[in-house]
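For reference, the chains in residue letters:
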Amino acid sequence: MRVTGRSRANLPESTNTYRQAGAESNINDQSSPGGLTGRISIGSIRLLRSMPDYCSTNAFERQDHHFCTRLRKERLWFSFFILFYLGYLIIGAVTMHIIEVPVEKEKRQDFFELRNNFLEMYPQVLDDHLEDFLAAVVQAKGAGISPLRNDSQDINWTFGQAILFTTSVITTIGYGHVNPLSDGGKIFCIIFASIGIPLTLVLTSATVEKLLPLANKLLCALNTKFDQTLDPVYVRMILLTIIASFVILCCFVIPSVIFALLEPSWTGLDAFYFCFISLTTIGLGDFVPEEAVADDSNLFVLYMVLVCMYLLLSLISMMFVLTIFYDIPQMNLTHLLTEGEYSEPLERHLTGRSSTFEESLPYRSSSPRRPRVRIAEGSTSSEK
């Protein structure tokens, strides 16, 4: 690093992170109060992002004032988002309360009518004895034991159910239809999940990284086709629409039809509901595929293995779509809520450029190009 001129100038701290890739450009330097300009030669480096004082009174007050204004906007947006999020939760709770309470009251009334009719038909059964019996049934049901005569001999922890359980644990779906009853099983579940969940995250992230070059090729082709007609952000939205439509078809629509055909008690809505609840890792557990080919143990194991493969591949596809979504800066709300801290989005995976594409056509970015900093001897300028 070399300083020229009759005095050193006070250089502003940069709020951006610039990556030096061998290319060199210049940026304007500010004059010191004495009217002298310092010129510093910097090699190919990455400048670290620094934070200026919030109430700066030096020669670069305008830049600090701009930063403070941006920080206040970011805090305002963040506060508004928190209020919106809490309001969204309240609206959801009120809506579910209004929709579900009448249905629950109706079912409760039907059950108690059935209970009273049973006591009238069999007066020798005391009400307290029936209450104790129903409590035992509820407790057995909570332990995964069906009180029905035809299902009472079925074991929950078959290999097929076990493989579905372990898959739901490490993917954080957690259906809850079966759960470990012993202390040893609970301890093993904790250890197994502690190791398996990070392994699943690594697997899904690595697979998404392997799929990104395919999306990049498609984006390159779309850029070539729409270069003269559409802005790059709309080209990326076209890419997102294509990939999301394909994932919805393969992970939601087709599997819903298959599950509706295989599970006798499921409607088409129930099947789609199961796919959505599973792939969003909500995992309520009110619908679990376990009725198809239940009489044949070998086919049931194969069925459970296929369901587990479907869940893993679909979760990877969902992460792939989210990666494409957040690759569009204009649709990444996180940047809007943190722009006071970081002045530009993080580096993106997808560029839509290849070596041949870069040679033939100039790539147009949706945001102005950030300058690469090099303050060298001679006149100083800012290349954007």
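Everything below is about the structure printed above this text.
Numbering of residues starts from 1 in each chain and follows the order in which that chain's sequence is written. With the structure being a predicted model, the display of local features is reserved for residues of pLDDT at least 70 and the display and counting of side-chain atom pairs for 80 or more, all residues being used for whole-chain, interface and lining totals. Water and hydrogen atoms were dropped before computing side-chain values, which therefore reflect all heavy atoms in the structure.

*Asks:* Describe in detail the overall build of the protein, supporting the description with residues and values.
*Replies:* In terms of regular secondary structure, the protein is built from nine helices and two strands. Comment: elements are numbered from the N terminus, with helices defined as DSSP H or I runs of at least four residues and strands as E runs of at least two. Helices and strands in the protein line up, N terminus first, as β-β-α-α-α-α-α-α-α-α-α. Three exposure classes are used, based on accessible area relative to the maximum for each residue type with a 1.4 Å probe and protein chains only: buried under 20%, partly exposed in between, and exposed over 50%. Sorting the 384 residues of the protein into buried and exposed places 28% on the buried side. Pairs of residues are marked as contacts when any of their non-hydrogen atoms sit within 4.5 Å. A sequence separation of at least 24 residues applies to 68% of the contacts in the protein between residues at least 6 apart. Each accessible area is a Shrake-Rupley estimate made with a 1.4 Å probe; only the visible protein chains count as cover when residues are assessed. When the accessible surface of the protein is split by element, carbon and sulfur atoms take 63% of a total near 25,300 Å².

*Asks:* Pulling in residues and values, what's your account of the pattern of salt bridges?
*Replies:* Within this document, salt bridges are pairs made up of a side-chain nitrogen of Lys or Arg and a carboxyl oxygen of Asp or Glu, the two lying within 4 Å of each other. Scanning the entire structure with this criterion turns up four salt bridges. Connected via shared salt-bridge partners are Arg115, Asp127 and Glu131.

*Asks:* Break down a nonpolar patch on the surface for me, with residues and values.
*Replies:* Residues forming no salt bridge and having over 30% relative accessible area are the ones grouped into patches, like charges within 9 Å of each other and nonpolar side chains (Val, Leu, Ile, Met, Phe, Trp, Tyr) within 5 Å. Together, Trp77, Phe78, Phe80, Phe81, Ile82, Phe84, Tyr85, Leu86, Tyr88, Leu89 and Leu333 make up a nonpolar patch on the protein surface, roughly 1,200 Å² of accessible area in all. Ranked by residue count, the leading element in the nonpolar patch is helix H1 (residues 61-121), at 10 residues. On the accessibility criterion, Leu333 (48% relative accessible area) is partly exposed.

*Asks:* Explain the nonpolar core to me, and be specific about the residues and the numbers.
*Replies:* Working definition of a nonpolar core: buried Ala, Val, Leu, Ile, Met, Phe, Trp, Tyr and Cys residues. They are joined through side-chain atoms within 4.5 Å. Core analysis: the largest hydrophobic core is formed by 37 residues, its most contacted members being Leu164, Tyr175, Ile243, Phe259, Leu311, Phe320 and Ile324. Of all the secondary-structure elements, those providing two or more residues to this core are helix H4 (183-226), helix H5 (232-262), helix H6 (268-279) and helix H7 (297-326). At 12 residues, the largest contribution of residues to this core is made by H7. Leu164 has contacts with Tyr175, His177, Val288, Pro289, Met304, Val307, Cys308 and Leu311, leaving out every residue within four places of it along the chain. Membership of the second largest hydrophobic core comes to five residues, among which are Phe165, Val169, Val178 and Cys189.

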